[in-house]
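# Per-entry structural report
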Amino acid sequence: MIVLSALLPIAACGVPLGDPQPRPVGIGRTADGQFRFVVPLCEGETVSAFEVKDRETWAPLWRVSQPTQPDERRGIVVLGRAQGFAEEEVRLTLPLPHNISVSAAVPDAPTIGRAFLLDEVPEGLAGTDQVIDLDGRRLSEEEFRQQVTGEYC
């Protein structure tokens, strides 16, 4: 009982248990069905690199850096489209494994990323501005950005 009562004040004070969750990435699809990632950025931030890995082996599947186009700088990345980046360090490896992890590097920012199963992103998102959030809800890109920046920025 002594141990329990000693821990209650710590939990009641709002001290976080464990590491905070990384800022999430939204996942949607382009008009032609490709995966489209939305990295919500705080004011003044830009994406410097984006990486996709196999979640089972952690092998890199695709890595790009040094965005050259406005969409990529503001966090819109289409899987396999390296044209918006100066560097493609790892060319896209296909076929994609079922379980992948994506992460965006943003200077002076904590981790931004997410893991997901390919079938969690419905084909019905193709051609819309909707993305799937961490809870599996469909939100417009703008709603997703507002939700995440409200929590993390």
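Definitions and cut-offs
Residues numbered from 1 in each chain as written. Predicted model: local features only at pLDDT ≥ 70, side-chain atom pairs only at ≥ 80, totals over all residues. Heavy atoms only, no water. Disulfide = S-S within 2.5 Å. Helix = DSSP H or I, 4+ residues; strand = E, 2+ residues; numbered from the N terminus. pLDDT = per-residue confidence, 0-100. Contact = heavy atoms within 4.5 Å. Salt bridge = Lys/Arg side-chain N within 4 Å of Asp/Glu carboxyl O. Buried < 20%, exposed > 50% of the residue type's maximum accessible area, 1.4 Å probe, protein only. Core = buried A, V, L, I, M, F, W, Y, C linked by side-chain atoms within 4.5 Å. Phe/Tyr/Trp six-rings, centres within 6.5 Å; stacked < 30°, edge-to-face > 60°. Pairing = 2+ DSSP bridges. Axes fitted to C-alpha atoms, helices over the stretch in contact; angles between N-to-C directions.

## Observations regarding the state of the cysteines
Taken as a whole and assessed by the stated rule, the structure comprises 1 disulfide. The partner cysteine of Cys-42 in its disulfide is Cys-153, sulfur to sulfur 1.8 Å. The S-S bond linking Cys-42 to Cys-153 shows a torsion near -85 degrees; that makes this disulfide left-handed. One end of the pair, Cys-42, is in the loop between strand 2 (35-38) and strand 3 (49-54); the other, Cys-153, is in the segment after helix 3 (141-152), and 111 residues separate them in sequence.

## Section: the confidence of the model for the chain
When pLDDT is averaged along the chain, the result is 87, and 87% of the positions lie at 70 or above. Per-residue pLDDT stays below 50 along residues 1-19; that stretch engages in 1 contact with residues further than four places along the chain or on separate chains.

## Digging into the pattern of salt bridges
Scanning all chains against the criterion turns up 11 salt bridges. Note that Asp-133 is salt-bridged to Arg-137, the shortest N-O span being 2.7 Å. A residue is classified by how much of its surface remains accessible, and Asp-133, at 2% relative accessible area, is buried. Across the salt bridge formed by Glu-141 and Arg-145, the nearest N and O atoms sit 3.2 Å from each other. Taken together, the positions of Glu-141 and Arg-145, both in helix 3 and 4 residues apart, correspond to about one turn of that helix. An identical accessibility class is assigned to Glu-141 and Arg-145; each is buried. Among the charged side chains, a salt-bridge network with shared partners connects Arg-36, Asp-71, Arg-74, Glu-141 and Arg-145.

## Re the nonpolar core
Of all hydrophobic cores here, the largest spans 27 residues; its most connected members are Phe-35, Phe-37, Val-39, Phe-50, Val-52, Trp-62 and Phe-116. Setting aside its immediate chain neighbours within four residues, Phe-35 contacts Ile-27, Gly-28, Arg-29, Val-77, Val-78, Leu-79, Leu-96, Phe-116, Leu-118 and Val-121. Grouped together as the second largest cluster of nonpolar side chains are 5 residues, Val-38, Leu-139, Phe-144 and Val-148 included.

## Focus: the packing of aromatic side chains
Following the criterion strictly, the structure yields 3 aromatic pairs and no others. Taking the centre distance of 5.2 Å and the plane angle of 35 degrees together, the rings of Phe-37 and Phe-50 count as tilted. Residue Phe-37 is located in strand 2, and its partner Phe-50 is located in strand 3; the two are separated by 13 residues in the primary sequence. The residues Phe-37 and Phe-50 share a single accessibility class, namely buried. Through successive ring pairs, a cluster of aromatic residues spans Phe-35, Phe-37, Phe-50 and Phe-116.

## Brief notes about the sheet that holds strand 4 (residues 60-67)
What the 5 strands build is an open sheet, ordered 6-4-3-7-8; its pairing is antiparallel. Since the sheet does not close on itself, it has two edges, and those belong to strand 6 (85-90) and strand 8 (112-117), each with one partner. Taken over all neighbouring pairs, the strand axes of this sheet differ in orientation by 15 degrees on average, direction set aside. Of the pairings in the sheet, the one linking strand 4 to strand 6 comprises 4 bridges and is antiparallel in character. Opposite Val-64, over in strand 6, you have Glu-88 as the bridge partner.

## Let's talk about the environment of Phe-85
Examined against the element boundaries, Phe-85 turns out to sit in strand 6. Exposure remark for Phe-85: the relative accessible area of 7% places this residue in the buried category. Placed 19 residues apart in sequence, Phe-85 and Gln-66 show a C-alpha to C-alpha distance of 5.4 Å.

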